[in-house]
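Breakdown of the fold
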Amino acid sequence: MSQTTITLLFLLFAVMSFILEKIPLGLTATIVALGLNLTDVLTVKETFAGYVNSNVILCVGMFVVGQALFETGMANKIGGIVTKFAKSEKILIIAIMLIVGVMSGFLSNTGTAAVLIPVVCGIADESGYSRSRLLMPLVFAAALGGNLSIIGAPGNLMGVNALEELGLSTSFFMYAPIGIPMLICGIIYFVVIGCRLLPDKKTVTEDAPEQTRDFGNVPKWKQVMSLIVLILVILAMIFEDKIGIKIQISACLGAVILVLTGVISEKEALKSIDLKVVLLFGGSLALASALEKTGAGTLIADKIVGIMGSNPSPTVLLLVIFVVTCVLTNFMSNTATTALMVPIAVSLAESLSADPRAVVIATVIAGSCAYATPIGMPANTMVVGLGGYKFKDYVKSGLPLIFVSFVLCMILLPILYPFYP
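Below is a short write-up of the structure. (Residues numbered from 1 in each chain as written. Predicted model: local features only at pLDDT ≥ 70, side-chain atom pairs only at ≥ 80, totals over all residues. Heavy atoms only, no water.)

The next subject is the environment of M136. Among the structural elements, M136 can be located in helix α8 (residues 135-145). Along the primary structure M136 and I93 are separated by 43 residues, whereas in three dimensions their C-alpha atoms are 9.8 Å apart. Here M136 is in contact with L198, Y389, D393, Y394 and S397, once residues within four sequence places are set aside. (Helix = DSSP H or I, 4+ residues; strand = E, 2+ residues; numbered from the N terminus. Contact = heavy atoms within 4.5 Å.)

Glancing now at the pattern of salt bridges. Evaluation of the coordinates by the stated rule reveals 3 salt bridges. K293 is the partner of E46 in a salt bridge, and the nearest nitrogen-oxygen pair spans 3.0 Å. Of the two residues, E46 sits in helix α3 (residues 44-48) while K293 sits in helix α15 (residues 275-294), which places them 247 residues apart along the sequence. One salt bridge connects R357 with D355, and the closest N-O pair in it is separated by 2.9 Å. With a relative accessible area of 22%, R357 lands in the partly exposed category. (Salt bridge = Lys/Arg side-chain N within 4 Å of Asp/Glu carboxyl O. Buried < 20%, exposed > 50% of the residue type's maximum accessible area, 1.4 Å probe, protein only.)

So, on to the packing of aromatic side chains. Counting across every chain of the model gives 9 aromatic pairs. Measuring from ring centre to ring centre gives 5.9 Å for F140 and F190, while their planes differ by 45°; the resulting arrangement is tilted. With F140 in helix α8 and F190 in helix α10 (residues 176-197), the pair connects residues that are 50 residues apart, well separated along the chain. Among the residues examined, F140 registers a relative accessible area of 0% and is labelled buried. The interplanar angle of 85° and the centroid separation of 4.8 Å between the aromatic rings of F172 and F173 together place this pair among those described as edge-to-face. (Phe/Tyr/Trp six-rings, centres within 6.5 Å; stacked < 30°, edge-to-face > 60°.)

It is worth spelling out the layout of surface pockets at this point. As a volume, the second largest pocket reaches approximately 520 Å³. Elements represented by at least two residues in the lining of the second largest pocket include exactly α9 (154-165), α15, α16 (296-308) and α18 (334-351). Element by element, the count of residues in the lining of the second largest pocket is highest for α15, at 8 residues. (1 Å grid on protein atoms, 1.4 Å probe; cavity = no way out; pocket = protein on both sides within 12 Å on 5 of 7 lines; lining within 4 Å. Points joined across faces, edges and corners; volume = space filled by probe spheres on them.)

In this section: unusual backbone geometry. A positive phi angle, near 65°, is found at D40, a position not held by glycine. With respect to the secondary-structure elements, D40 resides in the loop between α2 (25-38) and α3. On the basis of relative accessibility, which here comes to 59%, the residue D40 falls in the exposed class. Look at S353: it is not a glycine, yet its phi comes out positive at around 55°. Within the element layout of this structure, S353 appears in the loop between α18 and α19 (357-367). Accessibility expressed as a relative area gives 59% for S353, which makes it exposed.

For α10, built from 22 residues, the straight-helix expectation of 32 Å at 1.5 Å per residue is missed by more than 12%, its first-to-last C-alpha distance being only 28 Å. By the largest-angle criterion, F190 marks the main kink of α10, which is about 55°. Along α10, the residues classified as buried are A176, I178, G179, M182, L183, G186, I187, Y189, F190, V191, G194 and C195. The elements touched by buried residues of α10 are α6 (89-104), α8, α19 and α22 (391-416). (Expected span 1.5 Å × (residues − 1). Bend = angle between axes of the 7 residues up to and from the residue.)

Right, let's talk about the state of the cysteines for a bit. Under the criterion given, the structure shown has 0 disulfides. Here C185 stays unpaired: no disulfide links it, and the sulfur of C409, its closest cysteine neighbor, is 11 Å away. Left unpaired, C369 is separated from the closest cysteine sulfur, that of C326, by 4.7 Å. (Disulfide = S-S within 2.5 Å.)

This next bit is on the packing of α9 against α15. Taken N-terminus to C-terminus, the directions of α9 and α15 make an angle of 30°; their axes are 11 Å apart at the nearest point. Between α9 and α15, the interaxial angle falls into the category roughly parallel. Classified by chirality, the crossing of α15 by α9 is right-handed. Contact residues: P154, L157, M158 and N161 in α9; V277, F281, S284 and L285 in α15. (Axes fitted to C-alpha atoms, helices over the stretch in contact; angles between N-to-C directions. Parallel < 35°, antiparallel > 145°, perpendicular 65-115°, else oblique. Left-handed = near helix turned anticlockwise from the far one by under 90°.)

Printed below as a string of structure tokens:
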């Protein structure tokens, strides 16, 4: 059996396993990486290179920096600001989406949603607004906000890594030219159209929200310190070229400072590191290496290009990649979808001799458009019971938002990142 065939079989296994999730995602990626080594497709060095990738280190550092904000209660305090804007339902939706969107641009999407869901439930109960009218905008804003920076979601770093390996420059706000308009349009969508599509379920008897933790005993200096360190880390990442410190080092320095000063304990810091993401990232990079090394990625790209016609335009390629990624991400992990599609997108762009940046960014953003199902992303699942949602509620409210995101990408990406600059 050829190495190309073996790689394609492992790719098929990964896709099916990611969709079914009978095996944990991180374990699936690890099985693929080890399998590619045992079948001599990859050397030991190639197999484990992804696990010590600089962007994995960046992820680990930001897990700790973000967790300090949650552990000290500073995230709750920021989220509580929305209570000042509860004068009408629409203003409340705008406030919730804006705050959640900005926070999730620099913190974990799932973590931001998890912290603010009890806060918003409390606001809804106190103000008389229906939870079902507020929770869906909250979780969708968490996904939209993830496109504001390269640390907004794990999948973002996969796109960065792919472009860096091609020798192309990246920046901290690489996704922001698309992410900011998407967040703004998402807010406008919910205020103008989405609010009419949201269900209005006054009484919800399922799953009570987790009680908001009492952070009264947390010293104020810890809360302030956690916010200062986060801001300094973000500023260091933005001005990476000027200060000469790599963003990975900035993230790790921030994490070390927080542990050394006692803002977050070593135990809490280690607990905050999501090994599932680390394993998934490392294993998926091994699969990406195999797709490139064996030519399997190019083979898949050629087949897709062949379906699109003898001389497809890059715009059609952009459309196909976005649609395929978007469909997959609504039924499997966002990170897993991005991990699978980014190397294929790169191969497709190269087959047309086109600049891959637009295609890679479209793939990453499409991977975050998991609005149409309750299983599309963890935050969606968190609010199913709390909002009394049914599957059709996500389809009804989420599909138009996906369409809005799709139109924005198709218009802006070719302008901002020309296929043939």
